[in-house]
Amino acid sequence: MNKKVLIGIIVVLLAVMGWLGYSLMQEKQTNQDMQELAELDKQEMEKEYQNFALQYSEMKNYIKNDSIIAELTQEQERTQKLLEELKRTHASDAAEITRLKKELATVRAVLRSYVIQIDSLNRLNQDLMTENDRVRSELAQSNQQNQTLTSEKASLSEKVAIAAQLDATNISLTPLSKKGKAEKYMKNAKTLAVSFAITKNVTASNGTRSVYVRVTTPEGEVLNGGGTFEYSGKQLAWSMKKDVEYTGEETALTLYWTVNEYLGGGQYNVSIFCDGQAIGSRNFTYNK
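Here the structure is a predicted model, which is why all the values come from computation and not from measurement.

Criteria and thresholds
Residues numbered from 1 in each chain as written. Predicted model: local features only at pLDDT ≥ 70, side-chain atom pairs only at ≥ 80, totals over all residues. Heavy atoms only, no water. Helix = DSSP H or I, 4+ residues; strand = E, 2+ residues; numbered from the N terminus. Buried < 20%, exposed > 50% of the residue type's maximum accessible area, 1.4 Å probe, protein only. Contact = heavy atoms within 4.5 Å. Areas by Shrake-Rupley, 256 points an atom, 1.4 Å probe, with all protein chains shown as cover. Salt bridge = Lys/Arg side-chain N within 4 Å of Asp/Glu carboxyl O.

Caption draft 1: Local environment of the overall build of the protein chain. From N to C terminus, the protein chain includes four helices and nine strands. Seen in sequence order, the protein chain has helices and strands lined up from the N terminus as α-α-α-α-β-β-β-β-β-β-β-β-β. Out of the 288 residues in the protein chain, the part that is buried amounts to 38%. The contacts in the protein chain between residues at least 6 apart in sequence include a share of 69% that link residues at least 24 apart. Surface summary for the protein chain: the accessible area is close to 17,100 Å², and the carbon and sulfur share equals 52%.

Caption draft 2: Geometry of the pattern of salt bridges. For the structure on display, the rule yields 12 salt bridges. Put simply, Glu44 and Lys47 hold a salt bridge, and the shortest N to O gap is 3.7 Å. Of this pair, Glu44 and Lys47 both sit in helix α1 (residues 3-61), three residues apart, which is roughly one turn of that helix. In this structure, Asp167 engages Arg108 in a salt bridge whose closest nitrogen and oxygen atoms are separated by 2.7 Å. On the criterion of sequence distance, the pair formed by Asp167 in the loop between α4 (139-163) and β1 (168-176) and Arg108 in helix α3 (residues 94-136) is long-range, its members being 59 residues apart.

Below you can see the structure in the form of structure tokens.
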């Protein structure tokens, strides 16, 4: 082997080693970013579980119905148990985190039903007390009762805000061909379609909402849509965004992302955000 050939081989080997080193650094940074976001998401879930457990405790303070108090206690204990499970779960355990997210949505829905029920009882009690005040004509007593009701109404308003958080269900990710037909392989996709439904929520206020969708590739990269939104004090890139008019009824949505890069097989994640909250997430696996 002559000297020129040997030098050429050495140069090629150095180039390959340099490329491998750079790739490993990029992969390490990507994994670190994903871990930080997973930890942030887990912390937000813990805060919600703690808040829900506290709300159950506060609601029992001004409810005199023993049956409802027993139900609230049971739901509070269940919420506390799920919180302990979440604390023991590593942020990288995607399957367990997904399960606890679904449980969190169930806890929120149950809390919402009790908020509505208790609000109805409070309204009935308020009407009865108002009528009693008018019959007795005791102004001093009426003022005291009105102050109590005002305080309870303010506390209930905070609970309604928690119950008003939206949820996204029936999430799907579909690769489409140039003609709009569903493709089996990601590598053949010209467009990605993300469909889901924002569930009915009578406690949520009506109006225009900005809905953001993040699609993460198997390599941990977010398909960039050209903008960011705020979530838990951080700016996150979105893949798709749509402003919708929410009326409290179930709202079906489909958003599209134009493919301008190679997409291979593996596990993709779709996460949906609205009103500064994560309202739904699901993983999808496609063959190579």
